[in-house]
Amino acid sequence: MPPSSHSSRDSAAGAGWTCQEPGTYTSLLPSRVRDLSWTRPSTLWRARNDVLARWFGDPTDDERARWVGEQLARGAGPDFAIERDDPDSFSFMVLGDTGEGDGSQYAVVPGFHRIGEGTRFAIIASDVIYPTGSVNEYATKFFRPYQGYHAPIYAVPGNHDWYDGLGGFMRVFCGVPPLSPDGRPKAFSAAWWRRLFWKEPDVADEGRLAAAEALRAAPEQRAVQPGPYWVMDAGPLRIVGIDTGIIGGIDADQGAWLRRVSQGPKPKILITGKPLYVDDESHPCPIAGGGTVDDIVRDPACNYVAAIGGDIHNYQRYPVRVGDRVIEYIVSGGGGAFMHATHTIPRVAVGGVTEEDFRCYPLRGDCLSFYSRLYGRRLRLRRFFELTEDDAAAVIARRLGIPPKRGTRAAVTWRARIVASLLGVPPRPHRRSRLRLPVRRIYQRFLSPMSDSNCPPLFKSFLRLDVTPERLRIRCFAATGCLEHELDPPIEDEITIHLNQ
Ligand SMILES: [Fe+2]
């Protein structure tokens, strides 16, 4: 396939703003689709285990120990290795936070199939199924959309997969039955209160699941993984997938396993449910009992070259210098769910990474314009809220001192400044210490999920990684929902990592 010559960094058309014709993805959708709404009380109630885990203690580590114990008893090796036989040069795909099952997920599918042609496998990083990882929703949110991808798909779970106790994930990816119920907690203990309101895993509808599994039953699509965390030697690369549960840490046993499988000079990539660098912040991911995942990633003896995480639904890249090496920390959560805002990311200054080194998709200006149009529609205040992509890029340039990537001559009006403030664009860098409203956190947790849209341009993304013994090329492709981008997905970022650096 010839390389795409346009992207959101080149033109408004490359971003999808002049979309003439929606893509063919609409024909892939099931005949009856209920858009996943994050404002619907029933959705929030089903995902209540997140709040319960934070209030009454997170049972994830104990549950994971039970799953892992059963896998070992079934004969899984202690390294939880996925056996592969890949050549020295090959390609694979990574996409994160896929499973909404509506237009925003299916819009990614045609481009993913096109770019994924000839790749050896794909990995889903986090949140395979929204809102609660239910085994009964794999049909429309996993098997159906990826039935045309003729290679195995592996995954690491995200917090939403854990809202089902990981039952759906373990059934589909590891082929194992549900855990038997554990003992009753002591009356009126925190665990007792948690259990009182806890959403129990759904019971599989076996007929429906069998029909769904038949959609990806070809021999070349078969994938069985040994557990929620795993390691894979693929050609010259070792890929390590970790399970960060609901809150975003790993248990002591998984930590010991991670330290063990990370040793040695073979170049490595970490795939995680929670990114280690995101939104201009470092989140090293604690290991129970001491240390962090990032300590292991940064250790020269482990030779990690990249750490890719889902959870946040956009693309970000932080090339962090560690000694004489550069480790690429990537967020890749734009694979299907609602979009988390990038316009709320301040001018980047974290881990030695500056704004000049940082990459994100969508561009902040496009993101602000997207949100302004959406809120204009929702609040019936279009004339006040809506900012064109040029208006938005201009106000971002003024606020954050980031020159518009596509250039703009738009003036920054008072209206644009007020809308930018209301929608969470950070204040100028020198004002940061004065104004510290929790706008970003509120945005991430509440306003982004409520801004779910299934109409182009959608600003979704996925990765293709091309490996040779010497080099690893990582490209971020866009899925806008426009037909022209389905046929020729724009490349929004591209890097080459020398594996013997
Ligand atoms: Fe997610």
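As shown above, the structure is provided for reference.
1. Quick word on the overall build of the protein chain
Looking only at helices and strands, one finds 19 helices and 18 strands in the protein chain. Principal-axis analysis of the C-alpha atoms places the extent of the protein chain at approximately 65 × 55 × 50 Å. Taken across its 501 residues, the protein chain has 58% of its residues classed as buried. When contacts within the protein chain are restricted to residue pairs at least 6 apart in sequence, long-range pairs at least 24 apart make up 76% of them. Accessible surface, the protein chain as shown: approximately 20300 Å² in total, 53% of it carbon and sulfur. Taking the average place of the 63 positive charges on the side chains of the protein chain and the average place of its 59 negative ones, the gap between the two points comes to 7 Å.

2. A short note on the packing of aromatic side chains
The full count for this structure, using the stated rule, is 26 aromatic pairs. With centroids separated by 5.0 Å and ring planes inclined at 20°, the aromatic side chains of Phe92 and Phe121 adopt a geometry described as stacked. Linking Phe92 in strand β2 (residues 90-96) with Phe121 in strand β3 (residues 121-125), this pair joins segments that are 29 residues apart in sequence. You can call Phe92 buried: its relative accessible area is 0%. Its relative accessible area of 0% is what places Phe121 among the buried residues.

3. Digging into the sheet that holds β2
If you trace the six strands from one edge of the open sheet to the other, you get β4-β3-β2-β16-β17-β18, paired in mixed fashion. Of all strands in the sheet, those bounded by a partner on one side alone are β4 (153-156) and β18 (491-498). Between one strand axis and the next, the sheet turns through 20° on average, direction left out of account. The sheet contact formed by strand β17 (residues 471-479) and β18 spans seven bridges and is antiparallel. Bridge pairing links Cys476 to Asp493 in β18.

4. Section: the pattern of salt bridges
For the structure on display, the rule yields 26 salt bridges. The closest approach of N and O atoms between Lys274 and Asp311, which form a salt bridge, is 3.3 Å. Highlighted residues: Lys274 in the loop between β7 (268-272) and β8 (277-278) and Asp311 in the loop between β10 (304-309) and β11 (315-322), separated in sequence by 37 residues. One exposure class covers both Lys274 and Asp311, and it is buried.

5. Here's the deal with the coordination of the iron ion
Listed as protein donors to the iron ion are Asp97 (OD), Asp127 (OD), Tyr130 (OH) and His313 (NE2); their distances from the metal cover 2.1 to 2.3 Å. Metal-centred angles of 84 to 177° between the four donor atoms at the iron ion mark the site as irregular. The sequence pattern formed by the donor residues of the iron ion is D-x29-D-x2-Y-x182-H. Here Asp97 is found in the loop between β2 and α5 (103-106), whereas its partner Asp127 is found in the loop between β3 and α7 (138-143), with 30 residues between them in sequence. No difference in accessibility class separates Asp97 from Asp127, as the two residues are buried.

6. Description of the pairing of β10
By the criterion of burial, β10 is predominantly enclosed, with six of the six residues buried. Judged from the five bridges that link them, β7 and β10 form a sheet pairing that is parallel. Looking at the pairing, Ile269 lines up with Ala306 of β10. Of the strand pairs in this sheet, β10 and strand β12 (residues 325-332) are connected by four bridges, and their pairing is parallel. Looking across to β12, one finds that Ala306 is bridged to Glu328.

7. Notes on the sheet that holds strand β1 (residues 81-82)
With respect to topology, eight strands assemble into an open sheet ordered β1-β5-β6-β7-β10-β12-β11-β15, the strand pairing being mixed. Sheet topology places β1 and β15 (359-361) at the edges, where each strand pairs with a single neighbour.

8. Overview of the state of the cysteines
If you walk through the whole model with that rule in mind, you get one disulfide. Covalent S-S linkage joins Cys19 and Cys482, the inter-sulfur distance amounting to 2.4 Å. The disulfide joining Cys19 to Cys482 has a torsion of about -140° about its S-S bond and is therefore left-handed. With Cys19 in the loop between α1 (12-15) and α2 (41-46) and Cys482 in the loop between β17 and α19 (483-487), the pair connects residues that are 463 residues apart, well separated along the chain. The exposure class of Cys19 is partly exposed, given its relative accessible area of 24%. Here Cys482 falls in the buried class, since its relative accessible area comes to 1%. Not part of a disulfide, Cys302 finds its nearest cysteine sulfur in Cys285, a span of 15 Å.

9. Observations concerning the layout of surface pockets
Roughly 780 Å³ of volume is contained in the second largest pocket. Lining the second largest pocket we find 35 residues, and of these Glu63, Arg66, Asp182, Glu200 and Pro201 sit closest to its centre. Those elements that provide at least two residues to the lining of the second largest pocket are α4 (60-73), α9 (167-174) and α10 (190-197). For the lining of the second largest pocket, the element with the most residues is α4, which contributes five residues. For the lining of the second largest pocket, the per-class residue count stands at 16 nonpolar, six polar and 13 charged.

10. Some remarks on the nonpolar core
One finds Phe92, Ile239 and Ile269 to be the most contacted residues of the largest nonpolar core, which totals 58 residues. Counting residues per element, this core draws most heavily on helix α14 (residues 364-378), which supplies six residues. If we skip the residues at most four places from it in the chain, Ile239 touches Phe92, Phe121, Ile123, Trp230, Val231, Met232, Ala234, Ile269 and Ile271. Counting residues in each nonpolar core, the second largest holds 42 residues, with Val108, Val128, Phe142 and Tyr163 among its members.

11. Focus: the environment of Pro78
On the secondary structure map, Pro78 appears in the loop between α4 and β1. In this structure, Pro78 is in contact with Leu72, Trp257 and Arg260, ignoring residues within four places of it in sequence.

12. Notes on α4
Along its 14 residues, α4 runs 20 Å from first to last C-alpha, staying within 8% of the 20 Å computed at 1.5 Å per residue. Taken together, the buried positions of α4 are Thr60, Glu63, Arg64, Trp67, Val68 and Gln71. Viewed end-on, α4 has its buried residues packed into an arc of 130°, placing them on one side of the element. Away from its buried face, by an angle of more than 90 degrees, α4 presents the exposed residues Asp62 and Ala73.

How each quantity is defined
- Residues numbered from 1 in each chain as written.
- Predicted model: local features only at pLDDT ≥ 70, side-chain atom pairs only at ≥ 80, totals over all residues.
- Heavy atoms only, no water.
- Helix = DSSP H or I, 4+ residues; strand = E, 2+ residues; numbered from the N terminus.
- Buried < 20%, exposed > 50% of the residue type's maximum accessible area, 1.4 Å probe, protein only.
- Contact = heavy atoms within 4.5 Å.
- Areas by Shrake-Rupley, 256 points an atom, 1.4 Å probe, with all protein chains shown as cover.
- Lys, Arg positive; Asp, Glu negative; His and termini not counted.
- Charge placed at Lys NZ, Arg CZ, Asp CG, Glu CD.
- Phe/Tyr/Trp six-rings, centres within 6.5 Å; stacked < 30°, edge-to-face > 60°.
- Pairing = 2+ DSSP bridges.
- Axes fitted to C-alpha atoms, helices over the stretch in contact; angles between N-to-C directions.
- Salt bridge = Lys/Arg side-chain N within 4 Å of Asp/Glu carboxyl O.
- Donors = N, O, S within 2.8 Å, 3.2 Å for Na, K, Ca; no water.
- Tetrahedral: all angles 85-135°; square planar, octahedral: opposite > 155°, others 65-115°.
- Disulfide = S-S within 2.5 Å.
- 1 Å grid on protein atoms, 1.4 Å probe; cavity = no way out; pocket = protein on both sides within 12 Å on 5 of 7 lines; lining within 4 Å.
- Points joined across faces, edges and corners; volume = space filled by probe spheres on them.
- Nonpolar A, V, L, I, M, F, W, Y, C, P; charged D, E, K, R; others polar.
- Core = buried A, V, L, I, M, F, W, Y, C linked by side-chain atoms within 4.5 Å.
- Expected span 1.5 Å × (residues − 1).
- Arc of directions from axis to C-beta.

Fair warning: the whole summary comes from geometry, so function is off the table for now.
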